[in-house]
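Descriptive structure summary
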Amino acid sequence: MEARRPRRPIAAWLCLLVAASIALTACSSPNPGSDPEPSGQSDPIVLNVGATLPPEGLDPSTVNGAGTPFVLLYNVYETLVRIDGEGEIRPLLAWDYSVSPDRTVYTFTLDSAAEFASGDPVTADAVVQSFERVLTAEGTTDQIRSAMAPVESVEAADEDSVEITLSEPSNQFLFDMAGPAGIVYDPTALDSLAEQPSGSGPFLFEEFEPGQYLKLIKNEDYWGTNVRVDEVYFRYYTDPNAMNTAMLSGQLDVISNLTVPQSIDEFSDAERFIVTEGTTTGEVVLGFNHDNEALSNVAVRQAINHAIDRQALMDAVWGGKGMLIGSMVAPTEPWFEDLSDTYPFDPDRARELLAEAGYESGLTLRLRVPSTVPYAPPAARFVAAQLAEVGIEVEVEEVEWAQWLNQVYGQGDYDMTIVAHVEPRDISNFANPDYYWHYDNPEFAGLIEEADEAPEEQQIELMQEAARMLADDAAADWLFLLPNIVVTTTEVSGIQVNSTNLSFDLTTVATSR
């Protein structure tokens, strides 16, 4: 059977990989844009969150990039179901759902209490209008369109029940409904979402100063359990050291992800700070262009994997923080296996493999990396030095992000590159030969398709088989998994330890101030 073409991801979601680097300098004022509280009223509880990836726009259905769902998903906008801190699917707008025996019809039963910030109820008709918009409107991102690809129809069974019919079974579908593709927008505000986000979440969008801050305020009429802070400022920094300084000087309550792990000791004062270390879904990938003649040879790819000491690289580049993985699977994904020993550091074996492939006299490869990603340039230099030891000359070129996106991702003008892919459950990228790696393995693509359509109890086994196949074939070199290092003051609690979705979830956050 010919494998169905996998749903294609898009370049802009790679913006997640620069969550540690691309932003603008934050304003230092503690509460920009806010007026003093009238006398006689208590001061609002304000949370200042340091971040590095500002939104590129305010409508998650039309904006590519991680910055928008980072602040709006689960905070301002809600979905039928959500992903919790362990990567599990939990109820949200839908308190329950059922699946037909053939696994093609999902019936979601909405919480009758759910309402939008406007006061209108979240009805089945509202869900239908919201989903039809992203299915049919111009400007919907390719990422969301691909997530909605299995959807054949969306219908209101009654006021509180929505039926979504798929063209074929898909295990990925429900997971995608917990992300930006599954956002339920207020139908009365569909024409103004780019300026004024309007959802059913516990926060309201208040203000956005590009490059400086985005402000959310508490939705006093939230239909569920309300949040415990009144105002939240996401403050944006281009320089992670400046963000650290702001935290140390008391201008911030939270660093959403410490992007200079070597600086973690700055926050060792337990009377002032709490540092939590969790996992992410961000695989830092040494990607190969399989259209390159040498890199199309599995022995060359295996040689490169053997030639790089990944533990030493992680120690040098990211302060030893993170995790070695060995394939395109994060530990919070249900089919994770530790495959980090598939190609142990063995320069002698690397030289043997290069000789077997006919490159005993040497090989030259171009390694093009985005200069604005903090781990990429130092990792590239480390890789170049180690590959030189086995006879591979690496020409390192650092380019701006836009140039990388256009030339490397868009045009395939590279031999190797280093970026982190942080979208959850993104192993299927390798099943698409048109993706910028140009990895073309019909057997792997068939496994991914089979796993998506298989009964749930078989999916994990098939996905593990696919991950092992990818590792054995040395389709890339997975250098390490980015850690999720969050710094808070001791007054702040409820921060999610693991980054398992695209949201910086504020719904459980509290402060003792």
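Our subject in this report is the structure included herewith.

Moving on to the overall build of the protein chain. Scanning the protein chain for helices and strands turns up 12 helices and 18 strands. Against the compact-globule benchmark of 24 Å for 513 residues, the protein chain has a radius of gyration of 23 Å, which places it among compact chains. Oriented by its inertia axes, the alpha-carbon framework of the protein chain measures out at about 80 × 55 × 35 Å. Put simply, the protein chain has 513 residues, and 58% of those count as buried. Long-range contacts, defined as pairs at least 24 residues apart, comprise 72% of the intrachain contacts of the protein chain with a sequence gap of at least 6. Within the structure as shown, the protein chain displays about 19,700 Å² of accessible surface, and the carbon and sulfur contribution to it stands at 45%.

Moving on: the packing of aromatic side chains. As enumerated under the stated definition, the model contains 23 aromatic pairs in all. For the pair Tyr 213 and Tyr 233, a centre-to-centre distance of 5.7 Å together with 65° between the ring planes defines the contact as edge-to-face. With Tyr 213 in strand β9 (residues 213-218) and Tyr 233 in strand β10 (residues 231-236), this residue pair connects regions lying 20 residues apart in the sequence. A residue is classified by how much of its surface remains accessible, and Tyr 233, at 0% relative accessible area, is buried. Residues Phe 234 and Phe 504 carry aromatic rings whose centres are separated by 6.2 Å and whose planes lie at 85° to one another, so their mutual orientation is edge-to-face. With Phe 234 in strand β10 and Phe 504 in the loop between β17 (492-493) and β18 (510-511), this residue pair connects regions lying 270 residues apart in the sequence. Among the residues examined, Phe 234 registers a relative accessible area of 0% and is labelled buried. Looking at Phe 504, the relative accessible area reads 9%, which means it is buried. Above the ring of Tyr 74, the side-chain terminus of Arg 82 is found at 4.4 Å from the ring centroid. The ring centre of Tyr 185 lies 5.2 Å from the NZ or CZ of Arg 133, which sits over that ring.

As a further point, take the pattern of salt bridges. Inspection of every chain in the model, using the stated rule, returns 14 salt bridges. Through salt bridges with shared partners, a single network forms among Arg 366, Arg 368, Glu 397 and Asp 413.

With that settled, consider the side chain of Gln 143. Mapped onto the elements, Gln 143 comes out in helix α3 (residues 142-147). At a separation of 2.2 Å, a polar atom in the side chain of Gln 143 contacts the side chain of Glu 423.

For residues that are not glycine, phi is negative in most cases, and the peptide bond is trans in most cases. For Tyr 74, which is not a glycine, the phi torsion comes out positive at approximately 70°. Its place among the elements puts Tyr 74 in the loop between α1 (67-72) and β2 (81-83). With a phi close to 55°, His 438 is a non-glycine residue in the positive phi region. Topologically, His 438 is positioned in the loop between β15 (416-421) and α11 (442-453). Residue His 438 is classed as partly exposed on the basis of its relative accessible area of 21%.

The first and last C-alpha atoms of helix α2 (residues 124-136) sit 18 Å apart over 13 residues, in line with the 18 Å expected at 1.5 Å per residue. Along α2, the residues classified as buried are Ala 124, Ala 126, Val 127, Val 128, Ser 130, Phe 131, Arg 133 and Val 134. Here the buried face of α2 lies against β5 (105-110), α3, β6 (151-158), β7 (161-166) and α4 (171-177).

Across the sheet, which stays open at both edges, the 4 strands sit in the order β4-β5-β7-β6 with antiparallel pairing between neighbours. This sheet does not close on itself; its edge strands, each paired only once, are β4 (94-99) and β6. Between one strand and the next, the sheet's axes are offset by a mean angle of 20°, whatever the strand orientation. Bridge analysis of β4 against β5 gives 5 bridges, and the strand direction is antiparallel. If you follow Asp 96 over to β5, its bridge partner there is Thr 109.

A contiguous patch of negative charge on the surface is contributed by Asp 125, Glu 155, Asp 158, Glu 159 and Glu 163. Examined against the element boundaries, Glu 159 turns out to sit in the loop between β6 and β7.

Counting buried residues along β7, 5 of its 6 residues qualify, which places the element largely inside the surrounding structure. In this sheet, β7 lies alongside β5 in antiparallel orientation, the contact comprising 5 bridges. Among the inter-strand pairings, Tyr 106 is bridged to a residue of β7, identified as Ile 164. Where β6 hands over to β7, the hairpin turn is made up of 2 residues, counted between the paired strands.

About the cut-offs
- Here, residues in each chain are numbered from 1, in the same order as that chain's written sequence.
- Residue-level local features of this predicted model are given only where pLDDT is at least 70; pairs of side-chain atoms are given and counted only at 80 or more, and the full residue set underlies all totals for whole chains, interfaces and linings.
- Excluding hydrogens and water, the side-chain figures rest on all heavy atoms present in the structure.
- Put simply, DSSP marks the helices as runs of H or I at least four residues long and the strands as runs of E at least two long, and each gets a number from the N terminus on.
- Put simply, the radius of gyration uses C-alpha atoms, and a globule should come to 2.2 Å times the residue count raised to 0.38.
- Between buried and exposed lies partly exposed: a residue is buried under 20% and exposed over 50% of the maximum accessible area for its type, with that area taken using a 1.4 Å probe on protein chains only.
- Should any heavy atoms of two residues lie within 4.5 Å, those residues are counted as being in contact.
- Here the open area of atoms and residues is found with the Shrake-Rupley method and a 1.4 Å probe, where only the protein chains shown may cover a residue.
- By convention, a stacked pair of Phe, Tyr or Trp rings (six-membered ring in the case of Trp) has centres within 6.5 Å and planes under 30 degrees apart, an edge-to-face pair has planes over 60 apart, and any other such pair is tilted.
- In this analysis the charged atom, NZ for Lys or CZ for Arg, is taken to sit over a ring once it is within 6 Å of the ring centre and within 35 degrees of the ring normal.
- Salt bridges, as used here, are contacts in which a Lys or Arg side-chain nitrogen is within 4 Å of a carboxyl oxygen on Asp or Glu.
- For the purposes of these results, a polar contact is taken to be a pair of N or O atoms within 3.5 Å, where, inside protein, one atom must be able to donate a hydrogen and its partner to accept one; residues adjacent in sequence count only when each atom of the pair is a side-chain atom.
- Each residue after the first adds 1.5 Å to the expected span of a helix.
- Any two strands are treated as partners once DSSP identifies two or more bridges connecting them.
- Think of each axis as a best-fit line through the C-alpha atoms, taken over the contacting stretch in the case of a helix, with angles from 0 to 180 degrees between the N-to-C directions.
- Each patch is built from salt-bridge-free residues with over 30% relative accessible area, joining like charges within 9 Å and nonpolar side chains (Val, Leu, Ile, Met, Phe, Trp, Tyr) within 5 Å.
- Counted charges follow a simple rule, with Lys and Arg positive, Asp and Glu negative, and His plus the chain ends left uncounted.
- By convention, charge coordinates are those of NZ in Lys, CZ in Arg, CG in Asp, or CD in Glu.

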